[in-house]
Amino acid sequence: MFVLGIDPGLSATGYGVVESGHPPTAVLAGVIRTHPGATMAVRLAELHMGLTQVITEAKPDAVAVESVFTNQNLQTAIAVGRASGVALLAAAQAGVPVSEYVPTAVKSAITGDGAASKKQIQQMVARLLRLDSPPKPADAADALAIALCHLRVAPLQVSR
């Protein structure tokens, strides 16, 4: 099973594809960046094109997206919400099932601690995927963590 994890953001959206197995394997990771001087509509279109390309190339069996949970900056929350909507749209257009996870669920699934730091998540992602060093940039590492979360949580949801 191939899972595409997406860490949505307007300026940078991280993506990571993980293949299930013992151990799971990182297949692809990166970041889609949008031009900060462009209009909102153009930036969302850039993000949609990038995600559509990743989905087309990776052919994931499932997509896992980090959902907007809370943010003290309203403008940031709105931008992330829009980027998240584009990710959901791209997956739906490709006919790929989508699951959403709040950040605390991702942290808990990866580290066992819902309040884990970014550094702890990056280190655990590297350990779980047997990488020599934590993936960079951080958005790509977060996307891999989201994909790993789905691989750990989805089987539990099916058995309910």
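What you are looking at is a predicted structure, and each value in this text was computed from that prediction instead of being measured.

A. The sheet that holds strand β4 (residues 62–66), seen in detail. The mixed open sheet is built from five strands, whose spatial order is β3-β2-β1-β4-β5. Since the sheet does not close on itself, it has two edges, and those belong to β3 (25–33) and β5 (98–101), each with one partner. Between one strand axis and the next, the sheet turns through 20° on average, direction left out of account. When β4 meets β5, the two strands line up parallel, connected through four bridges. By the bridge assignment, E66 is partnered in β5 with Y101. With respect to the sheet, helix α1 (residues 40–58) is in contact with β1 (2–7), β2 (12–19) and β3, its orientation differing from that of β3 by roughly 165°.

B. The packing of helix α3 (residues 103–111) against helix α4 (residues 118–128), seen in detail. Axis separation between α3 and α4 bottoms out at 9 Å; the angle between their running directions is 50°. If you check the angle between α3 and α4, you find them oblique. Every pair of crossing elements has a handedness; the one defined by α3 and α4 is left-handed. Facing K107, I110 and T111 of α3, the residues of α4 in contact are Q120, I121, M124, V125 and L128.

C. Just the pattern of salt bridges, in detail. Under the criterion given, the structure shown has one salt bridge. D142 is the salt-bridge partner of K118, the closest N and O atoms lying 2.5 Å from each other. With K118 in helix α4 and D142 in helix α5 (residues 138–158), the pair connects residues that are 24 residues apart, well separated along the chain.

D. Looking closely at the packing of α1 against helix α2 (residues 74–93). Taken N-terminus to C-terminus, the directions of α1 and α2 make an angle of 40°; their axes are 9 Å apart at the nearest point. Between α1 and α2, the angle falls in the class oblique. Helix-helix and strand crossings are classified by hand; for α1 and α2 the assignment is right-handed. Note on element contacts: α2 touches α1 through R82, A83, V86, A87, L89, A90, A91 and Q93, opposite M40, L44, L47, H48, L51, T52 and I55. Each residue belonging to the contact of α1 with α2 can be placed in one class, and the counts come to 11 nonpolar, three polar and one charged.

Parameters and conventions
Every chain's residues receive numbers from 1 upward, in the order its sequence appears when written. Side-chain atom pairs in this predicted model are given and counted only at pLDDT of 80 or more, local residue features only at pLDDT of at least 70, and totals for whole chains, interfaces and linings cover all residues. Hydrogens and waters are ignored; side-chain quantities use all the structure's heavy atoms. In this analysis, strands are considered paired if DSSP registers two or more bridges between them. Each helix is a run of H or I in the DSSP string that is no shorter than four residues. Each strand is a run of E no shorter than two, and both are numbered from the N terminus. Note on geometry: axes are lines fitted to C-alpha atoms, helical ones only across the stretch in contact, with angles between N-to-C directions running from 0 to 180 degrees. The contact definition used throughout considers only heavy atoms, calling two residues in contact when any of these lie within 4.5 Å. Angles below 35 degrees are treated as roughly parallel, those above 145 as roughly antiparallel, those between 65 and 115 as roughly perpendicular, and all remaining angles as oblique. In this scheme the handedness of a crossing depends on how the near helix is turned from the far one: anticlockwise by less than a right angle means left-handed, clockwise means right-handed. Should a side-chain nitrogen of Lys or Arg be within 4 Å of a carboxyl oxygen of Asp or Glu, the pair is scored as a salt bridge. Gly is put with the polar residues, along with every residue not named as nonpolar or charged; the nonpolar set is Ala, Val, Leu, Ile, Met, Phe, Trp, Tyr, Cys and Pro, and the charged set is Asp, Glu, Lys and Arg.

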